[in-house]
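One-letter residues, chain by chain:
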Amino acid sequence: MEFLSSLFELIFTPAFAASVLRITTPILFAALGGIMARRCGILNLALEGTMLTAALFAVIGSALTKRAVLGGVSAALADPALVSKANFAGIIAGFIVGTVAGILMALFLAYMAVGLKADAYLAGLAINTMTTGGTVFILYMVAGDKGISSSLDSGSMPFIDLPIIKDIPILGEIFSGQNIMTYFSWICVAIVYFILFKTATGLRIRAVGETPSAAESVGVNVKKVQYIAMALSGLFCGFGGVSLSMSYVQFFSRGMTAGKGFIGMSAMNLGNASPVGTAVAAFLFGFFDAMANVMQSMSIPVQFVQAIPYVATLVGLVVFAIQSDNKVKKLKAKQAK
Amino acid sequence: MKKLLALVLAGVMAFSLVACGGGSEGGEGEAAGDEKLNVILVCSQLGDKSFNDSADAGLKELKEEGLINYKPLEFGNDNSKVNITLEEVAPEYDVVICNNLGYGMATAWLRENAETYADTMFLIYDEPTDLVENMPNVQMIGYKANESDFLAGALAALISETGVIGFVGGMESPVIHDFLVGYVEGARYVNPDIKVNVAYIGSYTDAAKGKDLGKTAIDAGADVLHQVAGSAGNGYLEAAMEAGKWGIGVDSDQYEVFKTEKPDLANSIVTSSLKNVGLSLQVLLREMIDGTYEWSQIRWFGIPEGCAGIAENENYLAKVSAEDQATLNDIKEKVASGEIKVSTAYGMDADTLKTYH
């Protein structure tokens, strides 16, 4: 009992709730990327590698743009107006370059899976392996660093105080003062919903994902639709990468995604590729991850605590499997009648 | 299509060239009549801004002095290459230097094969164990990280206003525990009531998790955060910087690493707990060249040898008060002379270790 009460003491704080929101952000982006791919009939295993690539290019794009605007003058010595201009340009450039890198990675997978008809699983795995080494290679070519981008002065997305909400006692502490990417991830949930269910393209994507032959028979260009969906998958994944290296932390380090792409994919599966369900699942994983962090200060073996988010993933998937199994049984029973 | 294929192939070749960089160029400088020691450093990857880079820098200095022939070899992230790489370099070089590559693979290989390559000297740094026992051509090298961290912990306790300090490790292992034990003892030496918030990232690359744990420690009241978690620990330091708290780096002088491009981060790193691998290798190689070298199971390097301690750089001198600096110098002398005995995590039983968490 003492254990539970001290756990609740740690969890029922505004700081904890705020950390759940922060931790969920990259997972949610990855999951949204997973939705777009899954809806067009491709399981995008390369979410992890795509995010890692986007994270790297965001830092490179941001730092090089900043350097170019400053024109070789050290940030400490330059005119403050010029520095703020450089910072702004760096943030915008990092965001764009990172996102574009994400889109290109996803299109690369689409080209292999759709264009060359390779197995999407294997191609996705190959991309993940390639990017673990490839990102370090590119970082070394650009900056001479191999572990962390300490020679690149990259920017950070701004943290935002929400008007009105910030003055509400507990809610303000939780929801205000988060990074702009966190709010943006919530907006993206709505965007994904809108694209999938309110646009013609979304309808085509869903049709192609469910029965490509039927879609084709009514004149839908299946390949084109899949390329579009995969580009969107890369777009959201790219946002995830940018949020990792430009808001979560302000540098790129080797292998910094550390499984977040795969957790995002699990969230997508758990939410059955519906935007809202996926978001809820992503928050669940964020919650367990945050709980693992605070539980380290209690005397529980660290290895156990570190396993919690992954155990939660497994349990979630099993629950989901049982539920969908029951649904199928009910449906069959109905048909039998 | 052919052009595209050619382009792809060229790309693959460029990649593989870098990946096995130098793997096949062994035996450089083995010209006849060249009496210098041929030394090779085998590591997974340079550029860690930490102990591999430190080893590389120390050996480069010896090479520039004209005392040895030296080249580094990076075999990459694939641990299945450890054995093959060692097999390849062992007959080619006089001295092979590495850490315990692949989480114990290097020592496992040496147990089987060190006798076969009796003419080659193996220096295994940061592995003060008897994993390879009584082999006159395998020298284990240990660093008294507990002594470095005793000073780091003492400093943390001196500058802490809340009485809570933070520590994050990469993974639970004796090497990391040794830091922790020193850190906690040092802090308790200055302030017996100090609280240490201890956490492990479970990875040396997950910088985001590092940052989360940093924020968690700060929420728990910590105002000095010390990382021993490689590049993942930089997230921990960044959390300290953003909250206006102090950070303490590890292995190399992290203030110097970030000084030019990330001055805000650098300024918050008050010092770093040092592990001067390069210097220790220089000492051993110089002894070998002079003929004064004597084998022992484990060769320890600590404060008196200049291989342990904390970075006393310009940031440290500017941010730490003269009074605290004097206290720390006093503690340093006492540790070096043996007046203060710092416990070590090597061989410590689990229950005793728990008292440090």
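Residues numbered from 1 in each chain as written. Chains lettered and ligands numbered in written order. Predicted model: local features only at pLDDT ≥ 70, side-chain atom pairs only at ≥ 80, totals over all residues. Heavy atoms only, no water.

Structural notes on the side chain of Q227 of chain B
Residues and elements named next belong to chain B. Relative to the helices and strands, Q227 is located in strand 8 (residues 224-228). At 2.8 Å, the side chain of Q227 forms a polar contact with the backbone nitrogen of A229. Within the structure, Q227 has its side chain in polar contact with the side chain of Q254 (distance 3.0 Å). Setting aside chain neighbours within four positions, we find Q227 in contact with V168, G233, N234, Y236, L237, I248, G249, V250 and Q254. (Helix = DSSP H or I, 4+ residues; strand = E, 2+ residues; numbered from the N terminus. Polar contact = N/O pair within 3.5 Å; in protein donor to acceptor, adjacent residues only side chain to side chain. Contact = heavy atoms within 4.5 Å.)

Considering the interface of chain B and chain A
On the side of chain A, 38 residues touch chain B, which itself brings 36 residues to the contact. Carbon and sulfur atoms make up 51% of the surface buried where chain B meets chain A, a total of about 3,100 Å² over both sides. On the surface where chain B and chain A come into contact, there are 4 salt bridges. Where R22 of chain A meets D212 of chain B, a salt bridge forms, and the shortest distance between an N and an O atom there is 2.8 Å. The tally of links from chain B across to chain A stands at 13 residue pairs in polar contact (both at pLDDT 80 or more). (Buried area = accessible area lost by both parts, 1.4 Å probe. Salt bridge = Lys/Arg side-chain N within 4 Å of Asp/Glu carboxyl O.)

Things to note about the packing of aromatic side chains
Going through the model one piece at a time under the given rule, you end up with 18 aromatic pairs over all chains. Ring centres 6.0 Å apart and planes at 55 degrees place the aromatic pair W300 of chain B and Y346 of chain B in the tilted group. Note that W300 of chain B is positioned in strand 11 (residues 298-301) and Y346 of chain B in the loop between helix 13 (322-337) and helix 14 (350-354), a separation of 46 residues in sequence. Looking at W300 of chain B, the relative accessible area reads 31%, which means it is partly exposed. Among the aromatic residues, ring-to-ring pairing joins F29, F95, F184, F236 and F239 of chain A into one connected group. Note that K146 of chain A overlies the ring of Y140 of chain A, its terminal NZ or CZ placed 4.7 Å from the centroid. (Phe/Tyr/Trp six-rings, centres within 6.5 Å; stacked < 30°, edge-to-face > 60°. Buried < 20%, exposed > 50% of the residue type's maximum accessible area, 1.4 Å probe, protein only. Lys NZ or Arg CZ within 6 Å of the ring centre and 35° of its normal.)

Some details on a nonpolar patch on the surface
Together, F88, I92, I96, V100 and L104 of chain A line one region of the surface with nonpolar side chains, adding up to about 480 Å² of accessible area. Residue placement: V100 of chain A occurs in helix 4 (residues 80-115). (Patch = residues over 30% accessible without salt bridge, like charges linked within 9 Å, V, L, I, M, F, W, Y side chains within 5 Å. Areas by Shrake-Rupley, 256 points an atom, 1.4 Å probe, with all protein chains shown as cover.)

Points about empty space enclosed by the protein
Under the criterion given, the structure shown has 1 cavity of 30 Å³ or more. Reported here for the largest cavity is a volume of approximately 80 Å³. Looking at the largest cavity, the residues that line it are R22, T25, F159, Q178, N179, T182, S243, S247 and Y248 of chain A together with K211 and K215 of chain B. Among the elements of the structure, helix 2 (14-39), strand 2 (178-179) and helix 10 (222-248) of chain A together with helix 7 (207-219) of chain B are those that each provide at least two residues to the lining of the largest cavity. With 3 residues, the top contributor of residues to the lining of the largest cavity is helix 10 of chain A. In the lining of the largest cavity, the residues fall into 2 nonpolar, 6 polar and 3 charged. (1 Å grid on protein atoms, 1.4 Å probe; cavity = no way out; pocket = protein on both sides within 12 Å on 5 of 7 lines; lining within 4 Å. Points joined across faces, edges and corners; volume = space filled by probe spheres on them. Nonpolar A, V, L, I, M, F, W, Y, C, P; charged D, E, K, R; others polar.)

Details of the domain arrangement of chain B
Residues and elements named next belong to chain B. The domain architecture assigned to chain B consists of domain 1 (2-143 + 278-301) and domain 2 (145-274 + 321-354). Taken together, the contact pairs 7 residues of domain 1 with 7 residues of domain 2. Roughly 600 Å² is buried in total at the junction of domain 1 and domain 2, and carbon and sulfur atoms are behind 57% of that figure. Viewed at the interface, domain 2 and domain 1 are joined by 0 salt bridges. Linking domain 1 to domain 2 there are 1 residue pair in polar contact (both at pLDDT 80 or more). (Domains from an automatic or database assignment.)

A closer look at the packing of helix 3 (residues 82-89) of chain B against helix 4 (residues 101-113) of chain B
Residue and element names in this part refer to chain B. Here helix 3 crosses helix 4 at 45 degrees, and the two axes come no closer than 9 Å. Compared by their axis directions, helix 3 and helix 4 come out oblique. Handedness of the helix 3/helix 4 crossing: right-handed. Contacts between helix 3 and helix 4 involve V82, N83, L86 and E87 from the first element and L101, G102, M105, A106 and W109 from the second. (Axes fitted to C-alpha atoms, helices over the stretch in contact; angles between N-to-C directions. Parallel < 35°, antiparallel > 145°, perpendicular 65-115°, else oblique. Left-handed = near helix turned anticlockwise from the far one by under 90°.)

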